[in-house]
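Examining the three-dimensional arrangement
Each chain, written out:
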Amino acid sequence: MSKPELPSYDQVLQLEALMTGEVSPDFIDVNGHMNIRHYLDYGATSADVLIRRVGIDDDYRAQRRMGVFTAEHHIRYFSEMHEGGKFSVHTLMLGRSSKVGHLLAFILDRDRGVLACTVEIILVHVGMDTRRPIDFPEDIATSLDAWVADAEQVTWPIPLSGAMGLRS
């Protein structure tokens, strides 16, 4: 796999931070850096923050009986994070189909001023009773489209894995 063209730290900072945090001692693995599960957790949780902002929250799941499932994710590491390091997570909704969303979370090392990791995610909108893919309702689709429009304004490189995306 070739090395992707990466956005600069300052470019990613142009996006709103959906989460911030600090690498606590229990995040550290036997190699002395933040363990994989925490990168995935923060990337996935930032996707959840975005999804809740468009209206897919606990009430939506309970009352409308719909939600999203993660179908696929891909993590890419660009720099290690260490104990005590502060980070932020900035997430783009890159695109959507009638049933699927494609997101990319950028995890920034705020102390060193570098992009540490990306977490690329495919979410599928499902009926909670059938557990099968269904179309996004119009109100949710409209909210997602606003996030996609914001992502389309990004002029810097978006380092996609090339291993996943929306299907036609």
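Parameters at a glance
Residues numbered from 1 in each chain as written. Predicted model: local features only at pLDDT ≥ 70, side-chain atom pairs only at ≥ 80, totals over all residues. Heavy atoms only, no water. Helix = DSSP H or I, 4+ residues; strand = E, 2+ residues; numbered from the N terminus. Rg over C-alpha atoms; globule rule 2.2 N^0.38 Å. Buried < 20%, exposed > 50% of the residue type's maximum accessible area, 1.4 Å probe, protein only. Contact = heavy atoms within 4.5 Å. Areas by Shrake-Rupley, 256 points an atom, 1.4 Å probe, with all protein chains shown as cover. Polar contact = N/O pair within 3.5 Å; in protein donor to acceptor, adjacent residues only side chain to side chain. Core = buried A, V, L, I, M, F, W, Y, C linked by side-chain atoms within 4.5 Å.

Regarding the overall build of the chain
Each helix and strand counted, the chain has 4 helices and 5 strands in total. Each helix and strand of the chain, placed in order from N terminus to C terminus, yields the pattern α-β-α-α-β-β-β-β-α. Relative to the 2.2 N^0.38 estimate, which gives 15 Å for 168 residues, the radius of gyration of the chain is 16 Å and therefore close to what a compact globule would have. Each principal axis of the C-alpha distribution contributes one length, and for the chain these read about 45 × 35 × 30 Å. Residues classed as buried in the chain amount to 45% of the 168 residues present. In the chain, 73% of the contacts between residues at least 6 apart in sequence involve partners at least 24 apart. Looking at the chain as shown, the accessible area adds up to about 8600 Å², and 47% of this sits on carbon and sulfur atoms.

Some points on the environment of D139
If you trace the backbone, D139 turns up in helix α4 (residues 138–152). Residues D139 and G55, spaced 84 residues apart in sequence, show a C-alpha to C-alpha distance of 8.4 Å.

Description of the side chain of S88
Note on placement: S88 falls in strand β3 (residues 86–96). The class for S88 is buried, based on a relative accessible area of 0%. At 2.7 Å, the side chain of S88 and the side chain of H90 are in polar contact. Side chain to side chain, S88 and R110 meet in a polar contact 2.9 Å long. Aside from chain neighbours lying at most four places away, what touches S88 is A17, M19, T20, F106, I107, L108 and R110.

Focus: the nonpolar core
L50, M81, M93 and I107 are the most contacted members of the largest nonpolar core, which totals 33 residues. When residues no more than four places from it in sequence are discounted, the contact partners of L50 are L18, T91, L92, M93, L103 and W147. Grouped together as the second largest cluster of nonpolar side chains are 11 residues, Y9, A151, V154 and W156 included.

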